[in-house]
Amino acid sequence: MTQNVQLNSGTAMPLLGFGTWQIRGEQAYEAVRAALDAGYRHIDTATMYGNEAEVGRALRDSGVPRDEVFVTTKLPPERAGREDATLDASLRDLGVDAVDLWLIHWPPRRKSVAVWEKFVAAKESGRARAIGVSNYDLGEIDELTNTTGVTPAVNQIRFGPALYDAKLVAGHRERGVVVEGYSPFKTTNLRDPLLTRLAEKYGVDAARVVLKWHVQREIVVIPKSARPERIAQNLDIGGFTLTDEELAGIDGLGQRR
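Reading the values: the criteria
Residues numbered from 1 in each chain as written. Predicted model: local features only at pLDDT ≥ 70, side-chain atom pairs only at ≥ 80, totals over all residues. Heavy atoms only, no water. Buried < 20%, exposed > 50% of the residue type's maximum accessible area, 1.4 Å probe, protein only. Helix = DSSP H or I, 4+ residues; strand = E, 2+ residues; numbered from the N terminus. Arc of directions from axis to C-beta. Contact = heavy atoms within 4.5 Å. Polar contact = N/O pair within 3.5 Å; in protein donor to acceptor, adjacent residues only side chain to side chain. Salt bridge = Lys/Arg side-chain N within 4 Å of Asp/Glu carboxyl O. Axes fitted to C-alpha atoms, helices over the stretch in contact; angles between N-to-C directions. Parallel < 35°, antiparallel > 145°, perpendicular 65-115°, else oblique. Nonpolar A, V, L, I, M, F, W, Y, C, P; charged D, E, K, R; others polar. Core = buried A, V, L, I, M, F, W, Y, C linked by side-chain atoms within 4.5 Å. Phe/Tyr/Trp six-rings, centres within 6.5 Å; stacked < 30°, edge-to-face > 60°. Lys NZ or Arg CZ within 6 Å of the ring centre and 35° of its normal. Right-handed = clockwise from strand over helix to strand, strands pointing away.

Details of helix 6 (residues 166-174)
Residues of helix 6 that are buried: Val169, Gly171 and His172. Down the axis of helix 6, the buried side of the element spans an arc of 160°, and every buried residue falls inside it. For helix 6, the exposed residues lying more than 90 degrees away from the buried face are Lys167 and Glu174. Those residues of helix 6 that are buried are in contact with helix 5 (138-148), strand 8 (154-158) and strand 9 (178-182). Two or three places before lysine 167, at the start of helix 6, stands the capping residue aspartate 165, its side-chain oxygen 3.0 Å from that residue's backbone nitrogen. Backbone geometry just downstream of helix 6 places glycine 176 in the positive-phi region, at approximately 75°.

Here you go:
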């Protein structure tokens, strides 16, 4: 069963999701179908990925009830000023009445607060159940909160053991912001001796050790793959638990780069 983290909106977000960056066309459809068939209940897409229609078709064809799948999409910064039209297009392509999470993909130049106000309105109207940001720093998050009184539920950032920063994670949690990591494998040396030793101990691959570390640290993670066997394998992390000592060891990988 997928573990969840509670967002400040009251929405439950699965800690392990399926990412779709750089997967397009029929390959995107097949990958999302494979993910849903394997048991993923969290799908991450974005306007700039150009695959929302395929994600939506896979969601419909999967037979999985809409209310069982957490769907995230994102607004490109160049769409500042066209927030409503962009969300309308996303909802139409995805074939849903609302997304579970809508993110500002990157901070737009000089217009971040104005964009965030449109996001707040989208949440209030029920078209986005939760709203957040991506690639923001804590100062930029504070600006949104201080100006509008509404704190982003999530900040999706490049993350992995080698980028682990306890102060950064704590800073988000003090603000009630969930950290979501992307590119967990690109940022990690999967041949690191600690990861390979733990993989051997638990009978898994190093990638799943990394995913388990995220989940146990309650950091949302969205691995991606176009291969059905890898998609299913990445979800199969329920059979082992890392010890506190092992978690701390993985935390320290960034200090050994």
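Additional details are given in the paragraphs that follow.
Digging into the pattern of salt bridges
Evaluation of the coordinates by the stated rule reveals 14 salt bridges. We note a salt bridge from arginine 127 to aspartate 88, for which the minimum N-O separation is 2.3 Å. Of this pair, arginine 127 sits in the loop between helix 4 (112-124) and strand 7 (131-134) while aspartate 88 sits in helix 3 (residues 83-94); the two residues are 39 residues apart in sequence, bridging distant segments of the chain. Aspartate 88 sits in the partly exposed class, given a relative accessible area of 40%. A salt bridge links arginine 230 to aspartate 205; the nearest nitrogen and oxygen atoms lie 2.6 Å apart. Of this pair, arginine 230 sits in helix 9 (residues 228-235) while aspartate 205 sits in the loop between helix 7 (193-202) and helix 8 (206-216), and the two are 25 residues apart along the sequence.

Overview of the packing of helix 7 against helix 8
At their nearest, the axes of helix 7 and helix 8 sit 8 Å apart, and the two run at 95° to each other. Here helix 8 runs roughly perpendicular to helix 7, going by the angle between their axes. Contacts between helix 7 and helix 8 involve Leu195, Leu198 and Ala199 from the former and Ala206, Val209 and Val210 from the latter. Partitioned by chemical class, the residues of the contact of helix 7 with helix 8 number six nonpolar, no polar and no charged.

Focus: the nonpolar core
With 78 residues, the main nonpolar core has Phe18 and Ile250 as its most contacted residues. Among the elements that line this core, the one with the most residues is helix 1 (residues 25-38), at seven residues.

Notes on the packing of aromatic side chains
Given two aromatic rings, their pairing is described by the distance between the two centres and the angle made by the two planes. Here the structure, examined in full by the defined rule, presents seven aromatic pairs. Seen in terms of ring centroids, phenylalanine 18 and tyrosine 40 are 5.6 Å apart; in terms of plane orientation they differ by 65°. Their pairing is edge-to-face. With phenylalanine 18 in strand 3 (residues 18-19) and tyrosine 40 in the loop between helix 1 and strand 4 (42-44), this pair connects stretches of sequence that are 22 residues apart. Relative to phenylalanine 119, the ring of tryptophan 116 lies with its centre 6.0 Å away and its plane at 25°, an arrangement referred to as stacked. Pair noted here: tryptophan 116 and phenylalanine 119 are both in helix 4, with a separation of three residues, about one helical turn. Here phenylalanine 119 falls in the buried class, since its relative accessible area comes to 0%. Clustering of aromatic rings is evident, with ring pairs tying together Trp102, Trp116 and Phe119. Positioned above the aromatic ring of tyrosine 29 is the side chain of arginine 57, whose terminal nitrogen or guanidinium carbon lies 4.0 Å from the ring centre. Of note, lysine 212 hangs over the ring of phenylalanine 240, and the distance from its end group to the ring centre comes to 5.5 Å.

A closer look at the pairing of strand 7
Here strand 7 shows a buried face lined by Ile131 and Val133 and a second buried face lined by Gly132 and Ser134. Read from strand 6 (residues 101-104) through helix 4 to strand 7, the crossover connection turns out right-handed. One crossover worth recording links strand 7 to the parallel strand 8 by way of helix 5, and it is right-handed.

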